[in-house]
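Inside the fold
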Amino acid sequence: MLPPPVVSFSNSLSSPRDLQPALAPLLDALAEWRMTMAGQMIVLESFLRDADLLTPDAANQCAGLRQRLATDRLVIAFVAEFARGKSELINAIFFADAGQRVLPATPGRTTKCPVELCWDERDPPRLALLPIDTRLRPETLADWRDMPEAWTTMELDTSDTNALVKSLSQVTATRYVSREQAHSLGLWSEEHPDDNPPSTSDGRVEVPAWRHAVINYPHPLLKRGLVVVDTPGLNAIGTEPELTLSLLPSAHAVLFILGADTGVTRTDLAVWNQHLNDPSLARYVVLNKIDTLADPLATSMERQELIERQCLSAADTLGVPRHRVFPVSARQALSARLQNDSFGLVGSKVPVLENALRDELLPQRQRLLSTAVISQVQSLQEQISRRLRELRRQNAEQMLELRALRGKSSGRIGMMLARVHSDTEEFNRCAARLTALKSVQQRMVRGALAHLDASHVRAAAERLQQALGGGWFNLRAKPLFADVCRTLVEQIDRAAHDSVESQHMLTASFRQLNAEFGFTLEVAAPPDYAPLRDELGRIEQGYARYFGVGGRMRMNSQAFAEQFQRMLVSKLRIVFDQAASQLDAWNEAITAQLDGQFRDRRQSFRRRKENLERIQEATGELETRLVDVERVDQQLLEQADRAFVLTAALRLRAQQGPSPVTEPAAAPTALTAAPVAAPAFQKSALPAGIQMNIGEHDDAASQVDLYLPDLQLNFRTDQLDAALAPPSVAKPLGLVHSDGVRPSLEPDLE
């Protein structure tokens, strides 16, 4: 669980730390937790590589998990009509420490295009602006992100606040074009005059100068993974399909800002119904500008009653619970933070909104990451254990063979050499069977992948286009779209069915190979496509509303319909590409397991032959070989010890979550492995199937006993810290069965 809140907003508060946003300390803790686990992943991956235990599949898993930990983001989108105070609220919650407004929020100077505030350390601080003329091109916003040359960029001087504010004012820039040009840009419609931008007496139309803006700014909260999306007005939202179909649905929270003095206006309700009326979104309704309701003739109680009536009215109109409506004064909160006025900050009620975001969003992000880490580490543990078992089995075979030669004549050794030669030839015969098995597997996987080919998405889009007669404004569009989505889900289901059939074939084949040739092959479960089916359902739900009455009017615009179709195809292809990638990864892991065990077994036969030849040539070589084999087995045991400690520590850290924050944490600057402190061990936080007893010692360290179903590992917490150090300084740990006896060198070979 996330640590308890540490920010209190009593009237006695006065320090800058007391006035910081409630999100700040827990974002710090969450970022430090992610960086700590990423550092532990680096240590684990380095150890596995040095010990020759890192298979290609394991390497891909480690890299993917490290990437996710390092780049995880918390996206909060602010949505409202013009002049509702979005930018002021963003300044108040996130950027008051700059000493003044960072985003332009004065009357007449509001953002005219969607703005993303984020931090990517690979790029310098800068403002990237996509010209509005790109709307004349067929590429989607996602396509333009991969074309940096198309963007206008401005370097940001973060040391000069005035220069920074001046640079960021570019997001308010506009230009004048003819009505024909505005129509071509998708920003003017004769059918919807109320949505059109302002125009002059000579017929020129004021349009945004930019289509999209990305501000790469090294603010502490942005460094910790926060991404803020500022969306301007109904017209900008409605004319940019990617904004409503991609950016908003992918946000972890959407703040819908209303004016406390106006309540829910007609245009507010249009924004809500057309773009936010989706219960799956984490929606927060913010009733801003409650300071405008101040009445010198009204008592404080009467003013609070007026605010409450506005909140109840907004909740009833939008169909949300009352506790999801937050009355605030962004201007008062920003002023209070700039002046260190704790009383004014409490009066602004912004801390109540911040606490709600903190208490709901951050635990959710932690749970998702914790589940992902534990799942990946569990998979790594299984792979490591499987490989170590196979290596110890092969080593034990050599040990049995060498011990049987004690006191035997050279003739006996020659017979053993002949047996090894015979065993090697017999084993080599399985190469043809492995080749045939891989061929069958590849054929079955190709059949499954055929269901996930992008051609199905293109065919679905073409079918929909043809059925609608080239026009998306059609009363039959919605049922046709639903039928197309069902067809695509069926393709996913067919791929899943073929994957399960492939798994059954491999299970039977592996059982025979293990029995005949001593392999330890295991078949992992095929990819679970249920999340992708759910994603297709969300895409259908999100896009289907554009086939309703309100959406059909926009679909009547050719430019909008073309963008809509490109976005739909792009989203569907992403789902199918993900399904194909998962199936490819599963197939590659199986192939790598087959090739790896075949290679290891051949190496084992070669080592057995070399040992016998050396013994035959030199007297006394037998005991030397025995010592070598015993040393190898000891190394494998130590590797098992260390692998267990590293993976158990990582799983434990994932389940514990961020540490409680009592002081502001510094921004993480590098991925470093943090030692696990003794007080961090708690039985309730252990992974499933593991028990722990803690006993105190005379020194500062504690004795920790971890129990698995058939395994007990005893170590001191200072030894666990050492396990995170390089192998040269890590203390060797003892791996013992529950009866206290180290496993024998001769495993059961039956």
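The residue count restarts for each chain, going from 1 along the sequence in the order it is written. Selection of residues for local features in this predicted model requires a pLDDT of at least 70, selection of side-chain atom pairs for listing and counting requires 80 or more, and totals for whole chains, interfaces and linings are taken over all residues. Hydrogens and waters are ignored; side-chain quantities use all the structure's heavy atoms.

Each helix and strand counted, the chain has 23 helices and 15 strands in total. Here the chain holds 750 residues, and 51% of them are scored as buried. Should any heavy atoms of two residues lie within 4.5 Å, those residues are counted as being in contact. Of the contacts made within the chain by residues no fewer than 6 positions apart, 78% connect residues no fewer than 24 positions apart. Only the protein chains shown count as cover for residues, and all accessible areas are computed by the Shrake-Rupley method using a 1.4 Å probe. As displayed, the chain has an accessible area near 33900 Å², and 51% of this comes from carbon and sulfur atoms. Secondary structure counts use DSSP, requiring at least four H or I residues in a row for a helix and at least two E residues in a row for a strand, with both numbered from the N terminus. For every residue, the accessible area obtained with a 1.4 Å probe (protein chains only) is divided by the maximum for its type, and the residue is called buried under 20%, exposed over 50%, and partly exposed between those limits.

Let us now look at the packing of helix α2 (residues 56-71) against helix α14 (residues 350-403). Lines fitted to the C-alpha atoms define the axes, with helices restricted to the stretch that makes contact. Angles between their N-to-C directions range from 0 to 180 degrees. Relative orientation of the contacting elements α2 and α14 amounts to 165 degrees, with a least axis distance of 10 Å. Between α2 and α14, the angle is such that the two are roughly antiparallel. Classified by chirality, the crossing of α14 by α2 is left-handed. Where α2 approaches α14, its residues D57, A58, Q61, C62, L65, R68 and L69 are matched on the opposing element by L368, L369, A372, V373, Q376, S379, L380 and Q383. Reported orientations rely on four angle classes, namely roughly parallel under 35 degrees, roughly antiparallel over 145, roughly perpendicular from 65 to 115, and oblique for the rest. Each crossing gets its hand from how the near helix is turned against the far one by less than a right angle, where anticlockwise is left-handed and clockwise is right-handed.

Here A530 lies in helix α19 (residues 530-544). Looking at A530, the relative accessible area reads 26%, which means it is partly exposed.

Let's shift gears to the pattern of salt bridges. Whenever a carboxyl oxygen of Asp or Glu lies within 4 Å of a side-chain nitrogen of Lys or Arg, that contact is scored as a salt bridge. Taken as a whole and assessed by the stated rule, the structure comprises 28 salt bridges. Ionic pairing is found between R358 and D359, a salt bridge with its closest N-O pair at 2.8 Å. Of the charged contacts, one joins D483 and R463 as a salt bridge, the two residues approaching to 2.0 Å between their closest N and O atoms. With D483 in helix α18 (residues 477-517) and R463 in helix α17 (residues 454-467), the pair connects residues that are 20 residues apart, well separated along the chain. When salt bridges that share partners are traced, they join E45, R49 and R66 into one network.

Next up on the list: the nonpolar core. Among buried residues, those of type Ala, Val, Leu, Ile, Met, Phe, Trp, Tyr and Cys that are joined through side-chain atoms within 4.5 Å constitute a nonpolar core. Grouped together as the largest cluster of nonpolar side chains are 84 residues, with contacts concentrated most on I76, L89, F94 and L255. Sort the elements by how many residues they give to this core and α14 lands first, with 14 residues. Here F94 is in contact with L23, I76, F78, H219, L221, L226 and V228, once residues within four sequence places are set aside. Grouped together as the second largest cluster of nonpolar side chains are 50 residues, F427, F510, L572 and I590 included.

So, about the sheet that holds strand β2 (residues 115-118). At least two DSSP bridges between two strands are required for those strands to pair. One open sheet accounts for 9 strands, arranged β4-β3-β7-β2-β8-β1-β9-β10-β11; its pairing is mixed. Of all the strands in the sheet, just β4 (152-155) and β11 (325-327) have a single pairing partner and so form its edges. Adjacent strand axes in the sheet meet at a mean angle of 20 degrees when their direction is disregarded. In this sheet, strand β10 (residues 283-288) lies alongside strand β9 (residues 253-259) in parallel orientation, the contact comprising 6 bridges. Opposite V254, over in β10, you have R283 as the bridge partner. Lying over the sheet, α14 contacts β1 (74-80), β9, β10 and β11, oriented at roughly 165 degrees with respect to β10.

Further remarks concern the pairing of strand β3 (residues 126-131). With 4 bridges connecting them, β3 and β4 associate as antiparallel partners. The partner of A128 across the bridge, within β4, is T153. With 6 bridges joining them, β3 and strand β7 (residues 210-216) adopt antiparallel strand pairing. Along β7, the bridge assignment pairs R126 with N216.

Helix packing geometry: the angle between the two helix axes and the distance between the axes. Closest axis-to-axis distance for the α14/helix α22 (residues 621-656) pair is 9 Å, and the angle between their directions is 170 degrees. By the angle between their axes, α14 is roughly antiparallel relative to α22. Residues belonging to the contact of α14 with α22 are distributed by class as follows: 19 nonpolar, 10 polar and 6 charged. Gly is put with the polar residues, along with every residue not named as nonpolar or charged; the nonpolar set is Ala, Val, Leu, Ile, Met, Phe, Trp, Tyr, Cys and Pro, and the charged set is Asp, Glu, Lys and Arg.

Turning to unusual backbone geometry, a few remarks are in order. Positioned with a positive phi, D52 is a non-glycine residue whose angle comes to about 60 degrees. With respect to the element layout, D52 can be found in the loop between α1 (23-50) and α2. Of note, the phi angle at K349 is positive, near 65 degrees, even though the residue is not glycine. Tracing the backbone through its elements, the reader meets K349 in the loop between α13 (342-348) and α14.

The residue R283 is located in strand β10 in this model. Polar contacts, as counted here, are pairs of nitrogen or oxygen atoms within 3.5 Å of one another; within protein the pair requires one atom able to donate a hydrogen and one able to accept it, and residues that are adjacent in sequence qualify only if both atoms are side-chain atoms. In terms of polar contacts, R283 uses its side chain to reach the backbone carbonyl oxygen of L276, at 3.0 Å. Residues within four places of R283 in sequence aside, it is in contact with V254, W272, L276, N277, D278, V320 and R324.

The next thing to look at is the packing of aromatic side chains. Stacked, tilted and edge-to-face are the three classes assigned to paired rings of Phe, Tyr and Trp, where Trp is represented by its six-membered ring and a pair needs centres within 6.5 Å; plane angles under 30 degrees give stacked, over 60 edge-to-face, the rest tilted. The full count for this structure, using the stated rule, is 4 aromatic pairs. The interplanar angle of 45 degrees and the centroid separation of 5.4 Å between the aromatic rings of F256 and W272 together place this pair among those described as tilted. Of the two residues, F256 is situated in strand β9 and W272 in helix α10 (residues 266-276); the sequence distance between them amounts to 16 residues. Side by side, F256 and W272 carry an identical accessibility label, which is buried. Remark: a charge is flagged as sitting over a ring if the NZ atom of Lys or the CZ atom of Arg is within 6 Å of the ring centre and within 35 degrees of the ring normal. Just above the ring of Y284 sits the side chain of R324; from NZ or CZ to the centre is 4.4 Å.

To estimate the expected span of a helix, count its residues, drop one, and scale the result by 1.5 Å. Between its terminal C-alpha atoms α18 stretches 59 Å, which fits the 60 Å expected from 41 residues at 1.5 Å a residue. Phi turns positive one or two residues past the end of α18, at G518, with a value near 75 degrees.

Before going further, it helps to examine the confidence of the model for the chain. Averaged over every residue, the pLDDT of the chain is 77; residues scoring 70 or more account for 77%. Low confidence marks residues 1-16, where pLDDT is under 50. Its contacts with residues over four positions away, or in another chain, come to 43 contacts. A residue's pLDDT is the confidence the predictor assigns to it, expressed on a 0 to 100 scale. Confidence drops under pLDDT 50 across residues 663-750; counting only partners more than four residues distant or on other chains, this segment forms 169 contacts.

So, about the environment of V115. With respect to the element layout, V115 can be found in strand β2. Among the residues examined, V115 registers a relative accessible area of 0% and is labelled buried. In this structure the C-alpha to C-alpha distance between V115 and A128, which are 13 residues apart in sequence, comes to 9.8 Å. Apart from residues no more than four positions distant in its own chain, V115 is found in contact with V171, A213, I215, V228, V229 and D230.

All right, on to the environment of D52 then. For D52, a relative accessible area of 54% translates into the label exposed. With 335 residues separating them along the chain, D52 and R387 place their C-alpha atoms 9.8 Å apart.

A few words now on the pairing of β7. Within β7, 7 of the 7 residues are buried, which leaves it mostly tucked inside the rest of the structure. Across 4 bridges, β2 lies against β7 in parallel orientation. Bridged to E116 within β7 is V214.

Let's shift gears to the side chain of D268. Tracing the backbone through its elements, the reader meets D268 in helix α10. For D268, the residues in contact, after removing those within four places along its chain, are E81, R84, F256, L258 and G263.

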